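So the chains spell out like this:
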Amino acid sequence: MRIGVSTGGGDAPGLNAVIRAVVKTARRRYKWDVVGFEDGFEGLINIKDVMRLDEQKVQGILPQGGTILGTTNRGDPFNYQYKDMDGSTKIIDVSDRCLQNFESLQLDALISIGGDGTMAITQKFFEKGMPVVGVPKTIDNDLMATDVTFGFNTAVTTAMEAIDKLHTTAASHHRTMVLEVMGRDAGWIALEAGIAGGADLILIPEIPYDLDAAMKHIRRRYARGSNFSIAVIAEAAEPREENGDGEKPRRRASDTAGMFFSEMVRKNLDVDVRTIILGHLQRGGSPTAMDRMLGTRFGVHAVEMVAEGKFGRMVTLEGRFVKDVSIAEAAKQQKLVDPDGELVRTAESLGIFCGRSLK
Ligand code: F6P
């Protein structure tokens, strides 16, 4: 047998752990050949970039962030953009070419590692007859089909460490520090890093925040003698429509969620404020033990699925067990924070402001 592996979408710590586990399991247990496609589906469109993967190639990659295969969040073979001779951008379907390339390489299966976008494309290839297995990744942890994705724990740890460091400057200068974290439309990173780092406010997209109540919370902390505040804000967090003055404050398009909230604190309270946008630092660096474990377990399971002919399915974690679900089902649903769920309740029980007045 000969299998292909590719990584698509944004990188996440733990991708190399998956690649390593796939290669080692395929070679040691099944004596299969493994090839890697470079830069996601781009490598399947132009197969000149195929990389032969053996034990030597994956040696030492477990602690490395990123992906040795490269990745991209462009290059959907079903809607492939290219520049025509006349300089205009054209969109064509090159999926048939991918299938031909797959066959010409005499591959028996493709293990496709990626987020929801990559899984949607992987499903389309499955419907066209390609034997595929999906492995989910995202630092955002927003896939319903799996309890957790690798990359998330590393991102949360990085954000938590940032909160730890910000505490010292916040306390020394009596400042309000606003830390903006990633997460796309979900507040998982903000919520978990905020709880783990002991933040005073956590603002997430799932709970449009009451700006007046947020200001009161910060004011009360200063009045009580806690002379600083740490606010963790998810990149998609927004104030709610109805605030104290009955009008939703408008955010300029050029301002991020964190910049906007800082501006509101500066305007409404007479305190020193700083904004820190953590950005891609959350996607980089060495994966935590948890992400190395998860990536490794996912990689081994993906190869076992190929061996069992379980195609059109994606690896998942359910409780303590690695299982799999159909990609068609998995790609459909996004997992968001439940505003009345246990995690928000945990934060609020500790007195952390989560966008609404604390009971
Ligand atoms: O999905 C991962 C993620 O890092 C999101 O948290 C963030 O919104 C987005 O990707 C950033 O994408 P890019 O790397 O293309 O700027």
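Each remark here, short or long, concerns the structure printed above.
Not measured: the values here are computed from a predicted model. In this numbering scheme, every chain counts its residues from 1 along its sequence in written order. Since the coordinates come from a predicted model, pLDDT governs what is reported: local features require at least 70, and pairs of side-chain atoms require 80 or more to be given and counted, while whole-chain, interface and lining totals use all residues. Values reported for side chains reflect all heavy atoms of the structure, with hydrogen atoms and water molecules removed beforehand.

### With respect to the site of the ligand
In these notes, residues near a molecule or strand are those with any non-hydrogen atom within 4 Å of it. All residues in the neighbourhood of the ligand are listed as N73, I139, D140, M182, G183, R184, E235, H280 and R283. Throughout this description, a polar contact denotes any pair of N or O atoms lying within 3.5 Å of each other; where both atoms belong to protein, one of them has to be capable of donating a hydrogen while the other can accept it, and for residues adjacent in sequence the pair is counted only when both atoms sit in side chains. One nitrogen or oxygen atom from the side chain of N73 is found 3.3 Å from an oxygen atom belonging to the ligand. The separation between an oxygen atom of the ligand and a polar main-chain atom of G183 is 3.2 Å. In this description, accessible areas are obtained by the Shrake-Rupley approach with a 1.4 Å probe, and a residue is regarded as covered only by the protein chains that are shown. Relative to its unbound accessible surface of 400 Å², the ligand loses 68% to contact with the protein.

### A short note on the sheet that holds strand β6 (residues 109–114)
Taken together, the seven strands give an open sheet; going across it, the order is β3-β2-β1-β6-β7-β12-β13, and neighbouring strands pair in mixed fashion. Edge positions in the open sheet fall to β3 (51–53) and β13 (321–326), since each of these has one partner strand only. Within the sheet, the average angular offset between the axes of one strand and its neighbour, ignoring direction, is 30 degrees. Direction of pairing for strand β2 (residues 33–37) relative to β3: antiparallel, over a ladder of three bridges. The residue bridging V35 from the neighbouring strand is R52, located in β3. Each pair of strands is called paired provided DSSP finds at least two bridges between the two strands. Counting from the N terminus, the helices are DSSP H or I runs at least four residues long and the strands are E runs at least two residues long. To obtain each axis, a line is fitted to C-alpha atoms, and for helices this fit is confined to the stretch in contact; angles are then taken between N-to-C directions over 0 to 180 degrees.

### Observations concerning the packing of aromatic side chains
Only Phe, Tyr and Trp rings take part, Trp by its six-membered ring, and two of them pair if their centres are within 6.5 Å. Stacked means planes under 30 degrees apart, edge-to-face means over 60, and tilted covers everything else. Taken as a whole and assessed by the stated rule, the structure comprises five aromatic pairs. Between Y30 and W32 the ring centres are 4.7 Å apart and the planes differ by 25 degrees, which places this aromatic pair in the stacked class. Relative accessibility decides the category of a residue: with a 1.4 Å probe and only protein chains considered, values under 20% of the type maximum give buried, values over 50% give exposed, and everything between is partly exposed. On the accessibility criterion, W32 (6% relative accessible area) is buried. Ring geometry for F150 and F298: centres 6.3 Å apart, planes at 75 degrees, overall edge-to-face. Of this pair, F150 sits in the loop between β7 (132–136) and α5 (152–173) while F298 is found in helix α9 (residues 289–307), placing the two residues 148 residues apart along the sequence. Over a ring means this: the NZ of a Lys or the CZ of an Arg is within 6 Å of the ring centre and within 35 degrees of the ring normal. One Lys or Arg, R221, reaches over the ring of F228 and ends 5.4 Å from the middle of that ring. Above the face of the W188 ring, K335 is positioned so that its terminal group lies 5.8 Å from the ring centre.

### A short note on the side chain of T288
Within the fold, T288 resides in the loop between β11 (273–277) and α9. Only 2.7 Å separates the side chain of T288 from the side chain of N153, close enough to count as a polar contact. Residues are treated as being in contact if the distance between any of their heavy atoms lies within 4.5 Å. Look past the residues within four positions of T288 in its chain and what remains in contact with it is N153, T154 and T157.

### Observations regarding helix α11 (residues 342–349)
Among the residues making up α11, those that are buried are V344, A347 and E348. The buried side chains of α11 occupy one side of the element, clustering within an arc of 95 degrees when seen end-on. Relative to its buried face, α11 has exposed residues pointing more than 90 degrees away, namely E342 and S349. Elements that come into contact with the buried residues of α11 comprise α6 (188–197) and β9 (201–203). Taken from the residues just after α11, G351 is the one with a positive phi, measuring 90 degrees. Here, the arc refers to the directions that run from the helix axis to the C-beta atoms.

### Overview of the sheet that holds strand β10 (residues 229–234)
The sheet built from four strands is open, its strands ordered β9-β10-β8-β11 with parallel pairing. Taken across any chain shown, the strands that pair with only one partner, and hence form the sheet edges, are β9 and β11. The average undirected angle you get between the axes of adjacent strands in this sheet is 15 degrees. Judged from the six bridges that link them, strand β8 (residues 176–181) and β10 form a sheet pairing that is parallel. Its bridge partner lying in β10, L179 is registered against V232.

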